[in-house]
Structure formats: C-alpha cells, structure tokens
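Geometric and topological summary
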Amino acid sequence: ALPFTYSVPPPLFIRGDANGDGVLDLSDAVKIFLHLFAGSATDCQDALDPDDSETLNVTDALFVVNYLFKQGPAPGAPFPAEGTDPSGAALGCAR
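None of the values given here were measured: they were computed from a predicted structure. (Residues numbered from 1 in each chain as written. Predicted model: local features only at pLDDT ≥ 70, side-chain atom pairs only at ≥ 80, totals over all residues. Heavy atoms only, no water.)

**What about the side chain of R15?**
Counting through the fold element by element, R15 comes out in the segment before α1 (26–38). Among the polar contacts made by the side chain of R15, one reaches the side chain of D52 at a distance of 3.5 Å. Looking at R15, its side chain comes within polar contact range of the main-chain oxygen of A77, at 2.9 Å. (Helix = DSSP H or I, 4+ residues; strand = E, 2+ residues; numbered from the N terminus. Polar contact = N/O pair within 3.5 Å; in protein donor to acceptor, adjacent residues only side chain to side chain.)

Here's what the structure looks like:
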C-alpha cells in the first residue's frame, strides 16, 4: 500500500446568492432577512455576506437591494461567478 493525502477542495459559492440558486435577485435579500430574524438555516454564511465584512447583519440584505435597484457596488469576490472565498474565514461555507 502507498500512503496518499486527500485534500478536500474549498466550497464554491457566489457572494450575495443567499439562497444558492445561482442568481443574485430580491429573493436573496429575503433569505438573509429570514436567516437573521426567523432562524432560517443556511449552508453557506459567506454567501449571505455580500459586503464581505465577515459578519451577518441587516446591512447585508440592504447591500443586495442597493446593488439590484440603486446601482450600488457589486458584492465582493467571488462574484458574479462561483468561486472560493479569497478573504477571511470567520463565517464559512459548506456547499
């Protein structure tokens, strides 16, 4: 037998795509609110953090709405395509 090392690849996600459907839209802001105030489960907290502040709060849902309807700044990387989190590891993702 030969020894080997298996590395699990990091999860892929789109920042701001809170519901994981591959599209950033109003339902993602709703999902963030549901997670914050109704205890809705998520498998990727990083996706719920479009401003990449490494904390989840109301400003994350407002960030999505501002981007969609007021030409606000785009979410941080990885966006608009799936990718890995290039920054902090405070939240995490298991997708």
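**Some remarks on the nonpolar core**
Counting eleven residues, the largest nonpolar core is built from F13, A18, L24, A29, I32, C44, A47, L48, A61, V64 and C93. If you list the elements that add at least two residues to this core, you get α1 and α2 (58–70). Ignoring sequence-local partners within four residues, the contact set of A47 consists of F13, I14, R15, G16, D17, A18 and R95. (Core = buried A, V, L, I, M, F, W, Y, C linked by side-chain atoms within 4.5 Å. Buried < 20%, exposed > 50% of the residue type's maximum accessible area, 1.4 Å probe, protein only. Contact = heavy atoms within 4.5 Å.)

**Some points on α1**
For α1, spanning 13 residues, the distance from its first C-alpha to its last is 17 Å, which sits close to the expected 18 Å at 1.5 Å a residue. Here α1 has its buried residues at D28, A29, K31, I32 and H35. The arc that holds every buried residue of α1, seen down its axis, measures 160°, which confines them to one face. Across α1 from its buried face, at more than 90 degrees, point the exposed residues F37 and A38. Those residues of α1 that are buried lie in contact with α2. G39, located one to two residues past α1, shows a positive phi value of around 75°. (Expected span 1.5 Å × (residues − 1). Arc of directions from axis to C-beta.)

**Section: the environment of D43**
With respect to the element layout, D43 can be found in the loop between α1 and α2. Separated by 3.0 Å, the side chains of D43 and R95 make a polar contact.

**Focus on the packing of aromatic side chains**
Enumeration over the complete set of coordinates arrives at two aromatic pairs. Taking the centre distance of 6.3 Å and the plane angle of 25° together, the rings of F33 and F37 count as stacked. Residue F33 and its partner F37 are both found in helix α1; the two are separated by four residues, about one turn of the helix. Of the residues examined, F37 reaches a relative accessible area of 61% and is grouped as exposed. (Phe/Tyr/Trp six-rings, centres within 6.5 Å; stacked < 30°, edge-to-face > 60°.)

In short, the description is geometric, and any link to function would need to be established separately.
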